[in-house]
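Notes for the structure review
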There are 4 protein chains.
Amino acid sequence: MDYMYAPGKNHLFVPGPVQIPDQVIRAMNRNNEDYRSPAVPALTKTLLEDIKKIFKTTSGTPFLIPTTGTGAWESALTNTLSPGDRIISFLIGQFSLLWIDQQQRLNFNVDVVESDWGEGAKLDVLASKLAADTAHTIKAICIVHNETATGVTNNLSKVRKLLDEYRHPALFLVDGVSSICAIDFRMDEWGIDVALTGSQKALSLPTGMGIVCASPKALEASKTAKSVRVFFDWKDYIKFYNLGTFWPYTPSIQLLYGLRAALDLIFEEGLENVIERHRRLGKATRLAVEAWGLKNCTQKEEWFSDTVTAVIVPPHINSSEIVRRAWQRYNLSLGLGLNKVAGKVFRIGHLGHLNELQLLGCLAGVEMILKDVGYPVKLGSGVAAASAYLQNNIPMIPSRI
Amino acid sequence: MDYMYAPGKNHLFVPGPVQIPDQVIRAMNRNNEDYRSPAVPALTKTLLEDIKKIFKTTSGTPFLIPTTGTGAWESALTNTLSPGDRIISFLIGQFSLLWIDQQQRLNFNVDVVESDWGEGAKLDVLASKLAADTAHTIKAICIVHNETATGVTNNLSKVRKLLDEYRHPALFLVDGVSSICAIDFRMDEWGIDVALTGSQKALSLPTGMGIVCASPKALEASKTAKSVRVFFDWKDYIKFYNLGTFWPYTPSIQLLYGLRAALDLIFEEGLENVIERHRRLGKATRLAVEAWGLKNCTQKEEWFSDTVTAVIVPPHINSSEIVRRAWQRYNLSLGLGLNKVAGKVFRIGHLGHLNELQLLGCLAGVEMILKDVGYPVKLGSGVAAASAYLQNNIPMIPSRI
Amino acid sequence: MDYMYAPGKNHLFVPGPVQIPDQVIRAMNRNNEDYRSPAVPALTKTLLEDIKKIFKTTSGTPFLIPTTGTGAWESALTNTLSPGDRIISFLIGQFSLLWIDQQQRLNFNVDVVESDWGEGAKLDVLASKLAADTAHTIKAICIVHNETATGVTNNLSKVRKLLDEYRHPALFLVDGVSSICAIDFRMDEWGIDVALTGSQKALSLPTGMGIVCASPKALEASKTAKSVRVFFDWKDYIKFYNLGTFWPYTPSIQLLYGLRAALDLIFEEGLENVIERHRRLGKATRLAVEAWGLKNCTQKEEWFSDTVTAVIVPPHINSSEIVRRAWQRYNLSLGLGLNKVAGKVFRIGHLGHLNELQLLGCLAGVEMILKDVGYPVKLGSGVAAASAYLQNNIPMIPSRI
Amino acid sequence: MDYMYAPGKNHLFVPGPVQIPDQVIRAMNRNNEDYRSPAVPALTKTLLEDIKKIFKTTSGTPFLIPTTGTGAWESALTNTLSPGDRIISFLIGQFSLLWIDQQQRLNFNVDVVESDWGEGAKLDVLASKLAADTAHTIKAICIVHNETATGVTNNLSKVRKLLDEYRHPALFLVDGVSSICAIDFRMDEWGIDVALTGSQKALSLPTGMGIVCASPKALEASKTAKSVRVFFDWKDYIKFYNLGTFWPYTPSIQLLYGLRAALDLIFEEGLENVIERHRRLGKATRLAVEAWGLKNCTQKEEWFSDTVTAVIVPPHINSSEIVRRAWQRYNLSLGLGLNKVAGKVFRIGHLGHLNELQLLGCLAGVEMILKDVGYPVKLGSGVAAASAYLQNNIPMIPSRI
């Protein structure tokens, strides 16, 4: 039953799907249930309430859709927009590219604002476009909060400020797939209209649940949006919300119980502590990269991502070889460089239910691999740099003091 | 962590989601993995090959989509048809109704052929429509193989015969959600163009995987079909099939291993034996219903379903009360009557990884509930009738002889 | 990985090991932990407190020993007695026989009081022996509360009355393996000195934990008892209890968490409700046996066991064939007749985390098997008799009203 | 349900219980079964055959006893020896001390040969005793292969050589608890009469199975050994082996399936590769200790243990503080110093299903802790030393090349 067995634990450091906490695996280790019994709505009610805390919204309406991040994107777009609508979308890496591809195939008029891979969204361009758009032809701003391909985090509060400055009514749609629940995210405060994530990212669940949260303004827009949709239609969810049965079609019972357990763990640790832990892991990783003498794909500190670090390898090395070797020799799973940066970067995911010693094990592995492929790294250097920082910053575990 | 606890096992007799075999629960009890490592494609390859055996196709192309049955419907329709296309669709119960609703919302020109609930699809009407359609304006025939709301199984081979008789090129699209892998189903022999099912039905997995299989003709149609689609677009799958990496977006690792285990169990038992077991369970259930003096919602024997039995209750009894009581007193989950038959029928699901003594426990429970709600059933009568049949027909367990 | 696979759930109706609740399986689905960390003692403390509630003792000292019931027996005997000590022991079936065998091999002077298999302990003989023993040569009374081989429950309160009546200081040692947590058991009220059970019986856990509870008088006796013991020595446990680390050697982390979950379920249902449920299941089983025209191995009503029923088969039928057939054709596990009643009885275990519909499925299966082996049973008759009783007596599920 | 929760995985580096492979956790995630059905003997048969391969014996008879290592000791002693028998036993640390304590309490005449903690067994003393014992008053040599408290591995082949040299018939009893399946062990070649281990050590299972293997000579001795025993009596096992039902009392079904999975993994990796992996892990750990400027408790290289390293801390540091801090801040579980070396050493267990990056994560953690407690370690130094060795010695993973 095991494909390509290796001794010991797999070190899973791709930026999703991430390690699932044992508590969540346990909670999901169960039979099916009748989702029309009173127990499932009772459970669902708690989930919908609690997921809002993760998005930091009180006015938003969450949807737990049996789909992936790609489906969550489609849900966000088709419920709020009509074919031909002009939208601004920022191309800064592979995942924003894929979202733009979807936007185009859904027949929106996509005004693409492109950056070099490794740079953040060009918000100055957004400013000019908003300034120019006195006729409010722009219906939505689509932005990836954290570009998983390059490790770039965009500044969402600045987007909101620009929209406010120009009193522009465009919808503000955010892909928070690799940020929500790991990087500071404030749906209400930043006036985000649709935010979305996937279960297999910072929530540390299996793949299979696309989580979308809609502001009142987005819900209003959905009443007139003309994009064709059925499976992804919010209307059907809202109908069953009103009935108190919650589900227009069959949910995964296992994922519901898994989400319950995942949220319980997050609240036990404290959402702010979870975010702080990701800050530590991100910083430690970047210090290691620096100690190795390698460059971060992310061009400026303001864009540094706390959930994934894309590391640029010297020109004579193929980064795919690093990923291959990690898996073939060390049972370590790293992220490939994608598209424009294929062969040029490898990625270390540091999100989800992960602690510092797990990361240091990974960093020690990367050092050996770098040596394997001929890069003259000083073994232990990255671990030393990361440890020096971590040893000063890891808090005591509250339950154990 | 448990919502509305009761002692002992839950007796899950809704027609899906069904009981998951322990072996499958075990196989799914696992951490995430990097789906871009070589192990996941290696596993996927075996799944795609083996799932075809379940559909009885050698020429079909299967898609394992992270979605539900509703999403699988949308995949079947949007990949093969264009807005405005005329399609014939049979309304015979709640699930065919929901599919037709989807077809209409997807902007097809749906020619609805309605039957009384409890009757099968009116194939004579199909015959006349095909005969009249010399211009071939009908682009597809959409039919639910087994209507889960009423326990009616349609005759698919007859549909094919009619299409052949009239040399009609319409696509033949089949919802096999509550039939495939439980009721005789022959994709190639019956010339079905798109067949689909969901993981939580006869495959006995959790919800979350829509399984769609397309004939070469359907694939050809997808090249020109103009329905807007991205998440459900087969093209993206085929692109990654050709790359050998198989997944356009993240699959659920757990469901992949679960499907592997589920298929292994089916092949261990033998697909024909699985179908024969469902025949036994269906027949036994119907004998019990008869012994109770109650009527099957299904009007004629030719439509009897081997995966679900909808039982009509006397007018003075509300069938919802039966379902409620089953759950509140006996830890038994039965199916509600839906829509037109709400309050009038309750449903016993007998599909998936289920054996005869499990069914007899359920039937014994139903007898007590009938008495609870004032129906003068003779306790033991249904069990006696079912047992008399089963005792003559249950085979020895091959591995134990 | 599966030995002798069969479709559907296994119907486990041996009188132990019994079905494990899903909640307990989930709780045990975990990695090892350092049992010397503060977490394990914290958990253990709650277990030791709560297990006393199950034994209905406040003054007893519990020991959770990594062993089976056989080891728990040895722990009870060797800690309280010295070689050559005279003890009275009742032989009423296979398990009391095995305990007596152990007592003899441990070099006690065993005064065996034998009954016919199917009868209870001869307490009148005990009375005479106590009356005669003015010199108090009898050091202990050893009695099996519920003889699992014949389904006979002895009257422990009467034993206590006799000891009190004759002011006899003998220790009162009780095997509660198939009674504690299922049949009314009151350690303190009945003045029991050592009581014991095994995890795989009414507690519904895997095998591996022998649970022994010692009264202050038993603890006192252990200080002078000369039987050689090390692994089973209570002294080592008490030493670590006093240290607050609890474990003289490594416990099974999984069983500790499993026990926590099992106790939580019992308290959720309510111990008295658990006992009442067993009363219902026992009564229903006996009514079925009667309806089949078969005889209960237990001779008198006062000894009827609520956890196991031994059914006598007609002389021309071999009961082993019934057990074999149950397993080979119906995936049903029944208990064999043992020793003197081998071939003559088969046993239905009805203990642990079990509900009424599960039992009715089993009874329906037994009917078919009886017919298979040529006994002219009326199919449905046992289920009818059991249901008639159950339908009047099953309570609503509190969490679901 | 979780006691003293911390984010991320627990880093379990005590020398047992060790990390359980996911495959084994999965295999054990199951309900109880009737151990008297034909399936359990069929499974047991494969286990008994395969466990012999782990002990490297063809003539030995294995016993899988529901107990711990302490019980396995008792089984080894009481089945082969009689009270008063003279035995030689080596005291080299806490676990040999505990075994000697047991030997004394079981009333053997124990001739204790003591070493300083950190030294191996004094085999020269053994030589003199054997030489002197021309009357063959010595009935057995008891030796711990790998003393877990100090990380000392004794030379068993030398013991055999001495016995042969003096043609001494004493039984050769070996505690292989922290060696078998991790350190080279050859029962037949070294003429060992009883060897034993526990499930929670190198086999990487939960606690609960004591595994004892007896040579033909030991079996012969058991026929006349006069130590009182029942639960641990081999005779009962052998009786049931001959019956083909294998179990004198109830085994843990879960541990049987777990052992099956554990053995499958070991054979998949190759027993020699498993041992080689432990050699690498041991060597890497010792290199790190050296780089930190700390001393190994083990005095000479010939005794270095490949499964546990006891590290001596400078006098001004309390090693218990290191262990406490590891758990309270880093979610890392280390072993305490025991008895004579309490406060003076901490222990790193490196046995079981463990790979190199897991160990490096642990070593990085130890460095930070050392700094926490005021030891002036150079962060990264141990990891660097270990990595330098590992990077040259880790083989490619065969299934992935």
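Here the structure is a predicted model, which means the values were calculated and not measured.

Bringing the overall build of chain A into the picture now. Scanning chain A from N- to C-terminus turns up 13 helices and 14 strands. For 401 residues, the compact-globule estimate of 2.2 N^0.38 gives 21 Å, and chain A sits close to it at 21 Å. Across its three principal directions, the C-alpha atoms of chain A cover 60 × 55 × 40 Å. Relative to its 401 residues, chain A shows a buried fraction of 72%.

This paragraph deals with the interface of chain C and chain B. Taken together, the contacts link 55 residues of chain C with 55 residues of chain B. Carbon and sulfur atoms supply 56% of the area buried between chain C and chain B, which totals about 5100 Å² over both sides. For the chain C face of the interface with chain B, the top three residues by lost area are Tyr5(C), Leu357(C) and Arg400(C), together amounting to 18%. Note that Asp22(B) and Lys9(C) form a salt bridge whose closest N and O atoms lie 2.9 Å from each other. Where chain C packs against chain B, one counts 33 residue pairs in polar contact (both at pLDDT 80 or more).

Let us look at the environment of Glu269(D). As for its placement among the helices and strands, Glu269(D) is situated in helix α9 (residues 253-269). Overall, Glu269(D) belongs to the buried group, its relative accessible area being 13%. Between the alpha carbons of Glu269(D) and Ile397(D) there is a distance of 9.2 Å; along the sequence they are 128 residues apart. Once residues within four sequence positions are removed from consideration, Glu269(D) is found in contact with Tyr5(A), Pro7(A), Val274(D) and Arg277(D).

With that out of the way, let us pick up the packing of helix α2 (residues 39-55) of chain A against helix α9 (residues 253-269) of chain A. Residues and elements named next belong to chain A. Following both chains from N to C, one finds α2 and α9 inclined at 45 degrees, their axes separated by 10 Å at the closest point. Considering their axes alone, α2 and α9 lie oblique with respect to each other. As α2 runs across α9, the sense of the crossing is left-handed. Of the residues in α9, those touching α2 at Val40, Leu43, Thr44, Thr46, Leu47, Asp50, Ile51, Lys53 and Ile54 are Ile253, Leu256, Tyr257, Leu259, Arg260, Leu263, Ile266 and Phe267. When its residues are assigned to classes, the contact of α2 with α9 shows 12 nonpolar, two polar and three charged.

A few words now on the domain arrangement of chain A. Note: interface size is frequently given as the accessible area lost on complex formation between the parts. Residues and elements named next belong to chain A. Each assigned domain of chain A is listed with its residue range as follows: domain 1 (11-18 + 271-400) and domain 2 (22-267). For domain 1 versus domain 2, the separation of C-alpha centres amounts to 27 Å. Regarding the contact of domain 1 and domain 2, the summed buried area is about 2400 Å², with carbon and sulfur atoms giving 59% of it. At the surface where domain 1 touches domain 2, the tally comes to two salt bridges. Close ionic contact of lysine 56 with glutamate 272 constitutes a salt bridge, the shortest N to O distance being 2.9 Å.

All names here are of chain C. Across the sheet, which stays open at both edges, the seven strands sit in the order β2-β10-β9-β8-β5-β3-β4 with mixed pairing between neighbours. For this open sheet the edge positions go to β2 (61-65) and β4 (109-114), each flanked by a neighbour on one side alone. The mean inter-strand angle of the sheet, taken between neighbouring strand axes irrespective of direction, is 20 degrees.

Listed per partner, the contact involves 55 residues of chain A and 55 residues of chain D. Between chain A and chain D the total buried area reaches about 5100 Å² when both faces are included, carbon and sulfur atoms providing 56% of it. When the buried area of chain A at its contact with chain D is split by residue, Tyr5(A), Leu357(A) and Arg400(A) rank highest and sum to 17% of it. Our enumeration of links across chain A and chain D arrives at two salt bridges. When residues of the side of chain A that touches chain D are traced back to their parent elements, those giving at least two are α1 (22-28), α9, α11 (319-329), α12 (356-372) and α13 (381-393) of chain A.

It is worth spelling out the UniProt feature "modified residue: N6-(pyridoxal phosphate)lysine" (unreviewed entry) in chain A at this point. Residue and element names in this part refer to chain A. Following the UniProt record, the feature "modified residue: N6-(pyridoxal phosphate)lysine" (unreviewed entry) maps to Lys201 here. Relative to the helices and strands, lysine 201 resides in the loop between β9 (194-198) and β10 (210-214). If sequence neighbours within four positions are ignored, lysine 201 has contacts with Pro15, Gly16, Val18, Thr148, Val177 and Leu351. From its side chain, lysine 201 meets the backbone oxygen of proline 15 in a polar contact 2.6 Å long.

What follows deals with the pairing of strand β14 (residues 345-349) of chain A. All names here are of chain A. Buried residues dominate β14, accounting for five of its five residues. Of the two faces of β14, the one carrying Val345, Arg347 and Gly349 and the one carrying Phe346 and Ile348 are both buried. Pairing geometry for strand β12 (residues 308-312) and β14, over five bridges, is antiparallel. Each bridged residue has a counterpart across the sheet, and for isoleucine 312 the counterpart in β14 is valine 345.

Let us now look at helix α5 (residues 123-132) of chain D. All names here are of chain D. For α5, the full list of buried residues reads Leu123, Leu126, Ala127 and Leu130. Within α5, the buried residues cover an arc of 105 degrees as seen down the axis, which keeps them to one side. Among the exposed residues of α5, those pointing more than 90 degrees away from its buried face are Asp124 and Ala132. Where α5 is buried, its residues contact β3 (86-91), β5 (138-144) and α6 (156-165).

As a further point, take the side chain of Glu147(A). Residues and elements named next belong to chain A. Residue position: glutamate 147 is located in strand β6 (residues 146-147). For the buried glutamate 147, which has no salt bridge, the nearest side chain bearing the opposite charge is arginine 347, at an N-O separation of 6.6 Å. Looking at glutamate 147, its side chain comes within polar contact range of the main-chain nitrogen of alanine 149, at 3.0 Å. If near-sequence neighbours (up to four positions away) are discounted, glutamate 147 is found in contact with Ile92, Gly93, Gln94, Phe95, Ser96, Val152 and Val308.

Further remarks concern the relation of the copies chain C and chain B. Least-squares fitting of chain C to chain B yields an RMSD of 0.0 Å, with the transformation described by 0.0 Å of translation along the axis and a rotation of 180 degrees. On this basis, the relationship between the two copies can be described by a two-fold rotation axis. Every residue of chain C has its C-alpha some distance from the rotation axis, and the shortest such distance is that of Gly361(C), at 1.9 Å. When the interface residues of chain C are mapped onto chain B, 100% of them again fall at the interface, so both copies present the same face.

Conventions and cut-offs
- Residues numbered from 1 in each chain as written.
- Chains lettered and ligands numbered in written order.
- Predicted model: local features only at pLDDT ≥ 70, side-chain atom pairs only at ≥ 80, totals over all residues.
- Heavy atoms only, no water.
- Helix = DSSP H or I, 4+ residues; strand = E, 2+ residues; numbered from the N terminus.
- Rg over C-alpha atoms; globule rule 2.2 N^0.38 Å.
- Buried < 20%, exposed > 50% of the residue type's maximum accessible area, 1.4 Å probe, protein only.
- Contact = heavy atoms within 4.5 Å.
- Buried area = accessible area lost by both parts, 1.4 Å probe.
- Salt bridge = Lys/Arg side-chain N within 4 Å of Asp/Glu carboxyl O.
- Polar contact = N/O pair within 3.5 Å; in protein donor to acceptor, adjacent residues only side chain to side chain.
- Axes fitted to C-alpha atoms, helices over the stretch in contact; angles between N-to-C directions.
- Parallel < 35°, antiparallel > 145°, perpendicular 65-115°, else oblique.
- Left-handed = near helix turned anticlockwise from the far one by under 90°.
- Nonpolar A, V, L, I, M, F, W, Y, C, P; charged D, E, K, R; others polar.
- Domains from an automatic or database assignment.
- Pairing = 2+ DSSP bridges.
- UniProt positions renumbered as here; feature names shortened; annotations may be inferred.
- Arc of directions from axis to C-beta.
- Lys, Arg positive; Asp, Glu negative; His and termini not counted.
- Least-squares fit on C-alpha atoms with pLDDT ≥ 70 in both.

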